[in-house]
Amino acid sequence: MKELILEGLKQAHLNFEHMLAEFLPHFIVMLIIILVGWLIAYILKVLLRSILRYTKIDRVSEAAGASQLLRRADLPSVSELLSRGLFWVIWLGFTVIGVSVLGIVSLQQHISNLIALLPQLFVAFFVAFIGFLAANFFSRAVLLAGVNAGFPSPRLLSEAVRLVIGSLALSMALEQIGLGRETILVAFAIGFGGLMLGLAIAFGIGGSEVAKRFLEKRLIQKKEEHDEELSPL
Amino acid sequence: MSEETFLSDDFLRQLIGVGDLDLVVGVPSYNDAKTIVSVLRAVEEGVLRNFRRERVVLLNVDGGSGDGTQEVLLEASSLAKSNESAFESLRTVRWITTQAAHNGSPAGMLRTILAAADLLHAKACAVIAASSKNATPAWVVTLLEPICRDKYDFVAPVYSRHKFDGLLSKNLLYPISRALYGKPIREMRASEFAFSGSLATHCLAQQEWQGEAFQGGAEMWMAMNAFTNSFRCCQTYLGPKPHQASGANVVAVVRQTVSGLFSCMESTESLWQAAAENAPLHTVGPDHDFSTEAIRIDRNKFLQMFKAGANELSGILEKLLAPATHAELMRLAGLDAAEFQFANSLWARVVYEFAAAYHRSVMNREHLVQALVPLYRGRVYSFITKHRSSDAAAVEADLEALCQEFANQKPYLVERWNLKEEGSS
């Protein structure tokens, strides 16, 4: 009896030793890969941050109003955001390679699913970012043009432009990551169509006088308008 | 780009056919069929009467007119040829016509004239716009004589104008050029001016043809090039330029001019940041002349557009201006017409803060310049209201005070201009 127990313990010890001997080198390799990955990711992050600062992307982002959006969302500057993004993508890539060395099939499956989503997430983020930049740029352009042309409600027009471009960019970004593709498409179509219909009805009912005045000013009183302008030069 | 590549083969052939000469009179045109004949007659008469011994070519550069301007010119110039003998000129005067490379662009037209003057080794060149229906034969000699006789390199015009004409020139270009460069040139964006062959060659050697500075106001860029590179400048009195209703798009003119000015300021920052002495500029004839007859202006429209603009663009203005300036503008936007006054000191501060914001690219530059338009309208309202019944002397005294204000605030401009990277923090 005592011998059997000792034999069992010895076998278990041998098994553990065998398992450890098999696992430990893989684990160390994984740790090395992750550490090297971290180092490479960190170097590339610093490099990208320097390049982005050199290209003054933050100034462009500030000028386009994107930095304001990021600050409102408590996010860092564009250069910081992009360099941090690169760091995480690279380090996660190395981590997956490291984990695959361990040979745990189920874990590998989950991680590879996550990794497969990363490029799409990155593209979605990029599309949304560009969309917000474009929305800000065009809404400001419309506001300035409206104010300088003497339109009655330039801010309304400008906000409508921002809303349309922003929601278009958001729907494109969500579609990119495959999040409720049909739902988003239908929701966007209904929302956009509803907005346009609403604006058309609102303009038809409330803005008929404005439209009349606008058309009269454009088509009939053009000469009189010019008579009142002074030559600036 | 070398001169040969943007000038057409046909134009080059015509220039080669002319050979070296003494004077060029350039007449840029764009849809000026109604006025070009009177300008042509004035220019031909001016040349034939006053430059009988010189070899002269009259050069029309058209910006792609759709109203047959060039055909009208060619027909009228051939008729004029038969009357040449009346002026007893020793040489024939030849017209050359061509189209500018970029349709309708005044910058493209001036570049073509510069290139022609350079290729023909002209000693002097006068530019008279085909739209100047009041051009007289005396203009040719008045513009060219300071160069031919007194060896000046750039001659700017002085017109007798209505006190409310050229308000952008009066309220912005004149005071700023005087404060920054020490050159009191009244008409920085004139349609008539003259330059020497050496200035033409110098300007052609610059690499700014596609830049905002040149495209925004080629004649202003040329004037700045002249006085920042020690070329001799003067002004000459051309006489009356009658008030006429402006069909120009004020927003486009302000945008183009201010972009050009700020861009010129960027390229010459080292020169104007060093103390520029306000040297008196020699003027042939009076250095200003305002007419004061009553004209019909809807002043309230300017005030309404200023108030609407300041309120709607408050968020944008907040980014561009110092907090105190922004607050002062907002206070101004809330005042009644009777109390409203856009003071010289506030206007100078606004312009300088916009210039500094442009330099630091606080936002898209096109947008930034457009945001100045409502404020310019506020300033115009204030100026017109203040000088409704002023005589010429009172207007001139106020302009003098404005110039002094711009000069006094120059250190503030330098300080704001050199604030590095504040906008991107």
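It should be emphasised that the depicted structure is a prediction, and the values quoted were computed from it without experimental measurement. Here the residue index of a chain counts from 1 through its sequence in written order. Both sets of labels track the order of writing: A upward for chains, 1 upward for ligands. Restriction of local features to residues with pLDDT of at least 70 applies here, the model being predicted, together with a cutoff of 80 or more for giving and counting side-chain atom pairs; totals for whole chains, interfaces and linings are based on all residues.

Helix and strand assignments come from DSSP, with helices taken as H or I runs of at least 4 residues and strands as E runs of at least 2, each series counted from the N terminus. From N to C terminus, chain A includes 9 helices and 0 strands. Each helix (α) and strand (β) of chain A, taken in turn from the N terminus, gives the series α-α-α-α-α-α-α-α-α. Each residue is classed by its C-beta neighbour count within 10 Å, where at least 20 other C-beta atoms makes it buried, 12 or fewer makes it exposed, and intermediate counts make it partly exposed; the C-beta atoms are placed from backbone geometry. A buried classification covers 18% of the 233 residues belonging to chain A.

Time to look at the overall build of chain B. Summing up its helical and strand segments, chain B has 20 helices and 9 strands in all. For chain B, the C-alpha radius of gyration of 22 Å lies close to 22 Å, the compact-globule estimate for 425 residues. Here the C-alpha coordinates of chain B stretch approximately 65 × 45 × 40 Å along the principal axes. Counting over 425 residues, chain B shows a buried share of 50%. Here the globule rule is a power law, 2.2 Å times the number of residues to the power 0.38, and the radius of gyration is based on C-alpha atoms.

All names here are of chain B. Along the chain, P106 turns up in helix α5 (residues 106-119). Sequence separation of P106 and P28 is 78 residues, and the distance between their C-alpha atoms is 7.8 Å. When sequence neighbours within four positions are dropped, the list of residues in contact with P106 reads P28 and A218. Each residue is represented by a C-beta atom placed from its backbone, and any two residues with such atoms within 7 Å are regarded as in contact.

Take the buried Ala, Val, Leu, Ile, Met, Phe, Trp, Tyr and Cys residues, join any whose C-beta atoms are within 7 Å, and the set you get is a nonpolar core. One finds V25, C125 and A194 of chain B to be the most contacted residues of the largest nonpolar core, which totals 140 residues. With 10 residues, the top contributor of residues to this core is helix α16 (residues 344-359) of chain B. If we skip the residues at most four places from it in the chain, V25 of chain B touches V43, V47, V56, L58, L59, A126, I128 and V140 of chain B. Counting residues in each nonpolar core, the second largest holds 7 residues, with L82, L133, A135 and F137 of chain A among its members.

Glancing now at the environment of D10 of chain B. Residue and element names in this part refer to chain B. Tracing the sequence through the fold places D10 in helix α2 (residues 9-18). Given 12 C-beta atoms within a 10 Å radius, D10 is considered exposed. The spatial distance from the C-alpha of D10 to the C-alpha of T97 is 9.9 Å, given a sequence separation of 87 residues.

Residues and elements named next belong to chain B. Of all 7 residues that make up strand β2 (residues 56-62), 7 are buried, and the element is covered over most of its length. Alternating residues of β2 divide into V56, L58, N60 and D62 and V57, L59 and V61, and every residue in both groups is buried. In this structure, strand β1 (residues 23-29) lies alongside β2, joined through 7 bridges in parallel fashion. Looking at the pairing, L23 lines up with V56 of β2. Handedness of the β1-helix α3 (residues 36-50)-β2 crossover: right-handed. Strands are treated as partners if at least two bridges between them are detected by DSSP. If you view a crossover with the strands going away from you and the path from the first strand over the helix to the second runs clockwise, you call it right-handed.

A few words on the packing of helix α10 (residues 218-228) of chain B against helix α11 (residues 250-267) of chain B. All names here are of chain B. Convention adopted: a line fitted to C-alpha atoms gives each axis, helices being fitted over their contacting stretch, and angles between N-to-C directions are expressed from 0 to 180 degrees. Where α10 contacts α11, the two axes come as close as 10 Å, and the packing angle between them is 25°. When the axis of α10 is compared with that of α11, the two are roughly parallel. The way α10 lies across α11 gives a crossing that is right-handed. From α10, M220, W221 and M224 reach across to α11, where they touch G260, L261 and C264. Across the contact of α10 with α11, the residue classes break down as 5 nonpolar, 1 polar and no charged. In these notes the angle categories are as follows: under 35 degrees is roughly parallel, over 145 is roughly antiparallel, 65 to 115 is roughly perpendicular, and the rest is oblique. By the definition used in this description, the sense in which the near helix is turned from the far one sets the handedness, with an anticlockwise turn below a right angle giving left-handed and a clockwise turn giving right-handed. Each residue gets one of three labels, nonpolar for Ala, Val, Leu, Ile, Met, Phe, Trp, Tyr, Cys and Pro, charged for Asp, Glu, Lys and Arg, and polar for the others, Gly among them.

Moving on to the confidence of the model for chain A. Residue and element names in this part refer to chain A. Mean pLDDT over chain A stands at 81; residues scoring 70 or higher make up 88%. Across the chain, each position has a pLDDT score giving the predictor's confidence in that residue, from 0 to 100. When mean pLDDT is taken per element in chain A, helix α1 (residues 2-54) scores highest with 89 and helix α9 (residues 222-227) scores lowest with 47. Confidence over residues 223-228 falls short of pLDDT 50; this stretch has 7 contacts with residues more than four positions distant or in other chains.

Bringing the packing of helix α7 (residues 167-181) of chain B against helix α19 (residues 392-408) of chain B into the picture now. All names here are of chain B. Contact geometry of α7 with α19 gives a least axis separation of 9 Å together with a crossing angle of 50°. Here α7 is positioned oblique relative to α19, judged by the angle of their axes. Judged by the twist between their axes, the crossing of α7 over α19 is right-handed. Mapping the contact onto sequence places K170, N171, P175, I176, R178 and A179 in α7 and L399, L402, C403, F406 and A407 in α19.

A few words on α16 of chain B. Residue and element names in this part refer to chain B. Look at α16: 23 Å from first C-alpha to last across 16 residues, which is about the 22 Å you get at 1.5 Å a residue. Of all 16 residues in α16, 13 are buried, a share of seventy percent or more. Taken from the residues just after α16, S361 is the one with a positive phi, measuring 50°. A helix's residues, less one, multiplied by 1.5 Å, set its expected span.

All right, on to the domain arrangement of chain B then. Residues and elements named next belong to chain B. Domain start and end points were adopted from an automatic or database domain assignment. Examined at the domain level, chain B breaks down into domain 1 (3-291) and domain 2 (299-424). The interface is formed by 23 residues belonging to domain 1 together with 26 residues belonging to domain 2. Of all the secondary-structure elements, those providing two or more residues to the side of domain 1 that touches domain 2 are α7 and α11. At 10 residues, α7 tops the list of elements feeding residues into the side of domain 1 that touches domain 2.

Residue and element names in this part refer to chain B. Counting buried residues along β1, 7 of its 7 residues qualify, which places the element largely inside the surrounding structure. Burial along β1 is two-sided: L23, V25, V27 and S29 and V24, G26 and P28, pointing in opposite directions, are all buried. Direction of pairing for β1 relative to strand β4 (residues 124-128): parallel, over a ladder of 4 bridges. Its bridge partner lying in β4, V25 is registered against A126.

Think of an α-helix as 3.6 residues a turn; residues three or four steps apart then line up on the same face. For helix α18 (residues 373-386) of chain B, with 14 residues, the first-to-last C-alpha span of 20 Å sits near the 20 Å given by 1.5 Å per residue. Burial analysis of α18 of chain B places 11 of its 14 residues in the buried class, which makes it a mostly covered element.

Residue and element names in this part refer to chain B. Positive phi, close to 60°, is recorded for S230, a residue that is not glycine. The backbone of S361 shows a phi angle near 50°, a positive value even though the residue is not glycine. Relative to the elements of secondary structure, S361 occurs in the loop between α16 and α17 (365-370).

It is worth spelling out the environment of L168 of chain B at this point. For L168 of chain B, the position within the fold is in helix α7. Separated by 178 residues in the primary sequence, L168 of chain B and L346 of chain B have C-alpha atoms spaced 16 Å apart. Setting aside its immediate chain neighbours within four residues, L168 of chain B contacts P232 and L233 of chain A together with L173, V254, T257 and Y376 of chain B.

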